[in-house]
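As a plain string of letters, each chain reads:
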Amino acid sequence: MKKILFVCHGNICRSPMAEFVMKHLVREAGLADKILVESKALHRDEIGSDTHRGTREVLRAHGIPFSKRSATLMTAADYAAYDCIIGMDTENMRDLDRLTGGDPDGKVHRLLSYTGEERDVADPWYTGNFDATYRDVDAGCRALLRELMQDKRHETGERGRA
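None of the values given here were measured: they were computed from a predicted structure.

Peer 1: Even after reading the chapter, I still don't get the packing of helix H1 (residues 14–28) against helix H2 (residues 53–61), so can you show me in this structure?
Peer 2: Relative placement of two packed helices is described by the angle separating their axes and the distance separating the axes. Between H1 and H2, the shortest axis-to-axis distance is 10 Å and the interhelical angle comes to 20°. The angle between H1 and H2 places the two elements in the roughly parallel class. Relative to H2, the crossing made by H1 is right-handed. Facing Met17, Phe20 and Val21 of H1, the residues of H2 in contact are Thr55, Val58 and Leu59. By residue class, the composition of the contact of H1 with H2 is five nonpolar, one polar and no charged.

Peer 1: For this particular structure, what's the right way to read unusual backbone geometry?
Peer 2: Non-glycine residue Asn11 carries a positive phi angle of around 65°. Tracing the backbone through its elements, the reader meets Asn11 in the loop between strand E1 (2–8) and H1. A positive phi angle, near 55°, is found at Asp103, a position not held by glycine. We classify Asp103 as buried; its relative accessible area is 17%.

Peer 1: I keep staring at the pattern of salt bridges and nothing clicks. Help me out?
Peer 2: Oppositely charged side chains may form a pair once their charged atoms are brought near each other. All chains considered together, the criterion is met by 14 salt bridges. Between Arg69 and Glu19 there is a salt bridge, with its nearest N and O atoms 3.8 Å apart. One end of the pair, Arg69, is in the loop between H2 and helix H3 (76–81); the other, Glu19, is in helix H1, with 50 residues separating them in the sequence. Its relative accessible area of 13% is what places Arg69 among the buried residues. Between Lys34 and Asp33 there is a salt bridge, with the nearest N and O atoms lying 3.6 Å from each other.

Peer 1: Whenever I open this one, the sheet that holds strand E3 (residues 84–87) confuses me. Can you help?
Peer 2: Adjacent strands of a sheet form backbone hydrogen bonds with each other and so pair up, either parallel or antiparallel. In spatial order, the strands read E2-E1-E3-E4; together these four strands make up an open sheet with parallel pairing. Among the strands making up the open sheet, the edge pair consists of strand E2 (35–41) and strand E4 (108–110). Between one strand and the next, the sheet's axes are offset by a mean angle of 25°, whatever the strand orientation. Taken together, the three bridges between E1 and E3 define a ladder with parallel strand orientation. Opposite Phe6, over in E3, you have Ile86 as the bridge partner. Along the sheet face, H1 touches E1 and E2 and points at about 170° away from the line of E2.

How each quantity is defined
Just so you know, the residues in each chain are numbered from 1, in the order the chain's sequence is written. Given that the model is predicted, a residue must reach a pLDDT of at least 70 before its local features are reported, and side-chain atom pairs must reach 80 or more before they are shown or counted; all residues, however, enter totals for whole chains, interfaces and linings. The side-chain numbers reported here are obtained from all heavy atoms of the structure, hydrogens and water having been left aside. The angle between two axes is taken between their N-to-C directions and runs from 0 to 180 degrees, where each axis is a line fitted to C-alpha atoms and a helix contributes only its stretch in contact. By definition, any uninterrupted DSSP run of H or I lasting at least four residues is a helix, any uninterrupted run of E lasting at least two residues is a strand, and each is numbered from the N terminus. Geometric relationships in this document are graded by angle, where less than 35 degrees denotes roughly parallel, more than 145 denotes roughly antiparallel, 65 to 115 denotes roughly perpendicular, and other angles denote oblique. In this scheme the handedness of a crossing depends on how the near helix is turned from the far one: anticlockwise by less than a right angle means left-handed, clockwise means right-handed. Contacts were defined at the residue level, with two residues in contact if any of their heavy atoms lie within 4.5 Å. Residue polarity follows a fixed list, in which Ala, Val, Leu, Ile, Met, Phe, Trp, Tyr, Cys and Pro are nonpolar, Asp, Glu, Lys and Arg are charged, and the others, Gly among them, are polar. A 1.4 Å probe rolled over the protein chains alone gives each residue an accessible area, and that area as a share of the maximum for its type sets the label: buried under 20%, exposed over 50%, partly exposed in between. Salt bridge, as applied in this entry: a Lys or Arg side-chain nitrogen positioned within 4 Å of an Asp or Glu carboxyl oxygen. A pair of strands is labelled paired if DSSP reports no fewer than 2 bridges between them.

Quick look at the structure:
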C-alpha cells in the first residue's frame, strides 16, 4: 500500500483539504485499498483542532466528503512510515528538511510540483481565499494521482492512459 502524508503549518486548512480531496479522488479511481492518505501539522499551534470552517465549506461546495478530525503533529518517525510526504509551501519544505534530516530518501515534495509549477499553495488562514486554495489543492492532487497511477502501471507492465 502506498502511504501519502500531506502536511502544512497547523493541519486545519490546506493539508486536511488535500487529505479529503485526495481520498475522494482515490475512491473514485477505485484505489482506496492501494493508497492510504493522511495529513499532519508541522507546528503545534492547532493540535487537537478540527478542520477549519472555511475548508469544510469549500469541500462541501465541491461535494467532497470529510469527517470530524483533530490536527496532529508530524514527527521524525513519520518519515519512515510514509512513502510520499507533501508540503504546501516554502516554509513547510524548510520545516520538512529539518525534521527529516534533509530528506535522504527523496520522499518530500511540494504539492504544486506535481503540476509542473514551483510555487506555494497559499494559506487561506491568511488570505481568506479558500476557493483559490481549493483550486490549487485539487490540481495538485489530481496530478499526484496521475503520477501514482503511471508509476503503478510501470511496476506491473500495464499500458494505457492515466
